[in-house]
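These are the residues of each chain, in order.
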Amino acid sequence: MEYSHRYPAYPTQQVAERLEYHIDVHRQAYNYTLYEYENVDGDDIGSAYKHHYRLPGWKDEFPVFSEVNSKALQRTVTRFYQNLDGLSEQKQNSRKVGKLKWKSPREFQSMTYSQSGFELKNTSGRRATLWLSKIGDIPIRYHREIPDKATIKEVVIKKQTTGEWSVSFGLETDDADLPEKPSVDSIDTSDTVGIDLGILNYIHTSDGKTVDWLNLEDEYDRLRREQRKLSRKEKGSNSYEKQRLKVANVTRHIRRKVLDYQHKLTTWLVLEYDAVFVEDLDVKEMLEQSHNARNKQDAAWRQFITLLEYKAELYGTHVVEVEAAGTTKACASCGVETAKPIWVREHSCPSCGFECDRDANAAMNVLQRGFSELGLGWPEDTPVETALPTDTRSVSAKRVIEAGSPTLNEATPVAE
Ligand SMILES: [Zn+2]
């Protein structure tokens, strides 16, 4: 399985300048690859692998290309061809796309060390050091450990729009080293959970927990304020640049907070249950009117599900996406569908008389669908009425964070 971890990096002024210089050489290499691709007629052009054979010639002609790590230079050529592939994929999906353009310094802010030329050192505490050949040591904030069995395939060092640095490790864990998931027949209903992705900023579980979503009102207020200020500045002016950085900072702060919380929430779920069932989002999206806020939340949920799925692999838990259509309407007890407007918070079935909270009913439907997706029938000795808890307990964001954190320190996946 492949995944990645990202860390904030704190190069000294001197090292930062060296990094910027190297990244700019890589940018020129990228642009030169594009130039050759479009203008040179040769057998060694057309794929990254072939194009790599041109690099010794480049270095003779332009000594600047010898100043950077040679594997990283190959990786930049590869990056060009990857972008090209991305472009032709979009074309196949008949989307209107242009062609690859030269990259300006602002559009090219990272380089990738692949296979060799890097080393991660001093990883015992909250700080670690990344060594890059031809660059030197870069301190990083090592807030998540890289699992023992993971191999570091590559390292991307990037300058953010805010001017801060980050490094991202591309990791691979051999599938044989991943924990086994519990066998499907052995799964007990009490160790499973269906999740209703609530519209009102929380998730509701089939065993009667609601988990509050993060309250980001203050952050969003601040973002709106800073964006308003930006809109009043003259584009290109110094104060515009300054304000742009402020906006980028707030945005990044929000993104980080959400991602961090999602890490904790998903770790908590995969540790707590043998099987976690969620609604298939693509379908849900089509079902509901999308507006801006809704889109934002969809993106957040997609990220949530991505994290959940890959943690399922890492921790050995089943995560299954189920059909989302009708989870709110259908009665979890008898299956009869009843339309209910959004403000009706109770499910009360006209057919069988089953009553419960609207979201609990939806979560229960997700759970039952999950069971059939796994190839299991809903156990007959567990009627829905008794499986559903009679009261709903609210799990605070804080508790999830506390429950999630000890394990997070052991071995936790993906980005910051
Ligand atoms: Zn019913």
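For the structure itself, consult the block above.
Residues numbered from 1 in each chain as written. Predicted model: local features only at pLDDT ≥ 70, side-chain atom pairs only at ≥ 80, totals over all residues. Heavy atoms only, no water.

(A) Representation of the environment of Pro105. Summarising the element assignment, Pro105 is placed in the loop between α4 (70-92) and β2 (110-114). On the basis of relative accessibility, which here comes to 46%, the residue Pro105 falls in the partly exposed class. For the pair formed by Pro105 and Arg27, sequence separation is 78 residues and the distance between their alpha carbons is 7.2 Å. Among residues more than four places away in sequence, those in contact with Pro105 are Asp24 and Arg27. (Helix = DSSP H or I, 4+ residues; strand = E, 2+ residues; numbered from the N terminus. Buried < 20%, exposed > 50% of the residue type's maximum accessible area, 1.4 Å probe, protein only. Contact = heavy atoms within 4.5 Å.)

(B) Quick look at the side chain of Ser133. Among the secondary structure elements, Ser133 is positioned in the loop between β4 (127-132) and β5 (136-141). Looking at Ser133, its side chain comes within polar contact range of the side chain of Asn69, at 2.8 Å. If sequence neighbours within four positions are ignored, Ser133 has contacts with Asn69, Tyr113 and Gly117. (Polar contact = N/O pair within 3.5 Å; in protein donor to acceptor, adjacent residues only side chain to side chain.)

(C) Broad picture of empty space enclosed by the protein. Considering all chains together, one arrives at one cavity of 30 Å³ or more under this definition. Put simply, the largest cavity is a space of about 30 Å³. What lines the largest cavity is simply Ala72, Arg75, Thr76, Arg79, Met111 and Thr112. Those elements that provide at least two residues to the lining of the largest cavity are α4 and β2. The greatest single-element share of the lining of the largest cavity, amounting to four residues, is contributed by α4. (1 Å grid on protein atoms, 1.4 Å probe; cavity = no way out; pocket = protein on both sides within 12 Å on 5 of 7 lines; lining within 4 Å. Points joined across faces, edges and corners; volume = space filled by probe spheres on them.)

(D) Summary view of the packing of helix α1 (residues 13-39) against α4. Following both chains from N to C, one finds α1 and α4 inclined at 50°, their axes separated by 9 Å at the closest point. One element, α1, and the other, α4, form an angle in the oblique class. Where α1 crosses over α4, the handedness of that crossing is right-handed. Residues His26, Ala29, Tyr30, Thr33, Leu34 and Tyr37 of α1 form the contact with α4, whose own contacting residues are Ala72, Leu73, Thr76, Val77, Arg79, Phe80, Tyr81, Asn83 and Leu84. Residues belonging to the contact of α1 with α4 are distributed by class as follows: 10 nonpolar, four polar and one charged. (Axes fitted to C-alpha atoms, helices over the stretch in contact; angles between N-to-C directions. Parallel < 35°, antiparallel > 145°, perpendicular 65-115°, else oblique. Left-handed = near helix turned anticlockwise from the far one by under 90°. Nonpolar A, V, L, I, M, F, W, Y, C, P; charged D, E, K, R; others polar.)

(E) Region of the structure containing the coordination of the zinc ion. Bound to the zinc ion on the protein side are Cys331 (SG), Cys334 (SG), Cys349 (SG) and Cys352 (SG), at distances that span 2.3 Å. Viewed at the metal, the four donor atoms of the zinc ion are separated by angles of 107 to 112°, and the geometry they form is tetrahedral. Sequence spacing of the donor residues for the zinc ion, all on one chain, is C-x2-C-x14-C-x2-C. Taken together, the residues span a long stretch of sequence, with Cys331 in the loop between β12 (318-322) and β13 (346-348) and Cys352 in the loop between β13 and β14 (355-357) at a distance of 21 residues. (Donors = N, O, S within 2.8 Å, 3.2 Å for Na, K, Ca; no water. Tetrahedral: all angles 85-135°; square planar, octahedral: opposite > 155°, others 65-115°.)

(F) Structural detail: a positive patch on the surface. A contiguous patch of positive charge on the surface is contributed by Arg225, Arg228, Arg232, Lys233, Lys242 and Lys246. Elements supplying a minimum of two residues to the positive patch: α5 (217-231) and α6 (238-272). Relative to the helices and strands, Lys246 is located in helix α6. The class for Lys246 is partly exposed, based on a relative accessible area of 40%. (Patch = residues over 30% accessible without salt bridge, like charges linked within 9 Å, V, L, I, M, F, W, Y side chains within 5 Å. Areas by Shrake-Rupley, 256 points an atom, 1.4 Å probe, with all protein chains shown as cover. Salt bridge = Lys/Arg side-chain N within 4 Å of Asp/Glu carboxyl O. Lys, Arg positive; Asp, Glu negative; His and termini not counted. Charge placed at Lys NZ, Arg CZ, Asp CG, Glu CD.)

(G) Main features of unusual backbone geometry. At Gln115, a position not held by glycine, the phi torsion is positive, near 65°. Along the polypeptide, Gln115 turns up in the loop between β2 and β3 (118-121). The exposure class of Gln115 is exposed, given its relative accessible area of 62%. Despite not being glycine, Lys134 shows a phi value in the positive range, around 70°. Looking at the secondary structure, you find Lys134 in the loop between β4 and β5.

(H) Local environment of the pairing of strand β6 (residues 150-159). Of the pairings in the sheet, the one linking β2 to β6 comprises five bridges and is antiparallel in character. For Met111, the partnering residue across the bridge sits in β6 and is Ile157. Pairing analysis gives nine bridges linking β6 to strand β7 (residues 165-173), with the strands arranged antiparallel. For Val156, the partnering residue across the bridge sits in β7 and is Ser168. The antiparallel hairpin formed by β6 and β7 contains five residues in its connecting segment, where Gly163 sits at a positive phi of about 95°. (Pairing = 2+ DSSP bridges.)

(I) Structural detail: helix α9 (residues 358-373). Between its first and last C-alpha, α9 extends 23 Å over 16 residues, near the 22 Å set by a 1.5 Å rise per residue. Across the 16 residues that make up α9, a large majority, 13, are buried. The N-terminus of α9 is capped by Asp357, whose side-chain oxygen sits 2.9 Å from the backbone nitrogen of Asp359. A positive backbone phi angle near 85° is found at Gly375, which sits one or two residues after α9. (Expected span 1.5 Å × (residues − 1).)

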